[in-house]
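So the chains spell out like this:
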Amino acid sequence: MRKIALLVTLVLAACSSEPTEEERAAAVAEVEAHQTPPPQPLVLDPIRYREIEQQDLYGAGCSFAPEGGGLAATALAMAETGHFLHNGELVTLAADKGSAELPYLARRKYDGTAFSMTLELDEETGEQVGEEVSDYSATLTIRDAHEAVVYRKTGIAQCGV
């Protein structure tokens with residue numbers, strides 16, 4: 001009986017050996033590689049005429065201005081590209097041609113490597129405010145590369161030429 005108890009003790013000791021430093025480091029690296037960082041809220045800068053002129057952002061589409069933000073657009077949705085300004089840098093996204101087409105050739109969704117942008121319009125609220133220009137209640141949502149929402153505001157999308 002003593003021999004069996006000694007054998008069981010040796011087997012249990014062998015099974016519960018501590019991992020090596022390399023094994024620990026590999027396990028920590030694997031856990032860290034699979035963790036998604038918490039989303040960092042995005043603050044958008046207004047897109048001014050200077051950026052429109054410098055980047056040649058003329059043409060048909062929709063500009064989004066959040067409620068309480070005045071008339072300054074914080075995002076542009078155009079036929080081929082979508083844009084927003086963050087920390088003074090213009091972020092350009094490609095139009096998702098499979099997404100719904102909005103008034104004046106804009107698209108509902110735009111994709112990039114670090115961000116994606118969705119502009120949702122309530123087309124029933126459209127109000128003509130000028131020749132070939134209409135305002136719509138809208139929501140702009142921007143997601144990071146991990147699909148976490150980093151910006152979501154309601155406001156007005158002004159669509160036209």
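Numbering of residues starts from 1 in every chain and runs along the sequence as written. Per-residue local features of the predicted model are confined to residues with pLDDT of at least 70, and side-chain atom pairs are confined, for both listing and counting, to 80 or more; whole-chain, interface and lining totals are unaffected and use all residues. Hydrogen atoms and water are omitted, and side-chain values are computed over all heavy atoms in the structure.

Only DSSP runs of H or I with at least four residues qualify as helices, and only runs of E with at least two residues qualify as strands; both kinds are numbered from the N terminus onward. Inspection of the secondary structure assignment puts T154 in strand 8 (residues 149-160). Burial classification: accessible surface area is computed with a 1.4 Å probe over protein chains only, and a residue below 20% of its type maximum counts as buried, one above 50% as exposed, and the rest as partly exposed. Using a relative accessible area of 40% as the deciding quantity, one classes T154 as partly exposed. Counting along the chain gives 37 residues from T154 to M117, while the straight-line C-alpha distance between them is 14 Å.

The next point concerns the sheet that holds strand 7 (residues 133-144). At least two bridges found by DSSP between two strands is the condition for calling them paired. Pairing in this closed barrel of eight strands is antiparallel, and the strands run 1-2-3-4-5-6-7-8 around the ring. Here the strands of the sheet are splayed against their neighbours by 30 degrees on average, with no regard to which way each runs. In this structure, strand 1 (residues 61-66) lies alongside strand 8, joined through six bridges in antiparallel fashion. Counted as the bridge partner of A65 is I156 from strand 8. Where helices are involved, their axes are fitted lines through C-alpha atoms of the stretch in contact, as for all axes, and angles between N-to-C directions lie from 0 to 180°.

Within the largest apolar cluster, 25 residues are counted, with the highest numbers of intra-cluster contacts made by F84, L119, L121, L140 and I142. The set of elements that each furnish at least two residues to this core consists of strand 1, strand 2 (75-78), strand 4 (89-95), strand 6 (115-130), strand 7 and strand 8. Once you skip the residues sitting within four places of it in the chain, L140 turns out to touch L44, F64, T74, A75, M117, T118, L119, Y151, R152 and K153. Residues belong to a common nonpolar core when they are buried Ala, Val, Leu, Ile, Met, Phe, Trp, Tyr or Cys residues joined through side-chain atoms within 4.5 Å. Judged by nonpolar contacts, the second largest core, of six residues, contains I47, L57, A73 and L76. We call two residues in contact when some of their heavy atoms are within 4.5 Å.

The next subject is the packing of aromatic side chains. In summary, the pairing rule links any two rings of Phe, Tyr or Trp, Trp by its six-membered ring, whose centres are within 6.5 Å, and it sorts them by plane angle into stacked for under 30 degrees, edge-to-face for over 60 and tilted for everything else. Scanning the entire structure with this criterion turns up two aromatic pairs. Relative to F115, the ring of F84 has its centre 5.6 Å away and its plane inclined at 80 degrees; by these criteria the two rings are edge-to-face. On the criterion of sequence distance, the pair formed by F84 in strand 3 (residues 81-86) and F115 in strand 6 is long-range, its members being 31 residues apart.

None of this, on its own, says anything about what the molecule does.
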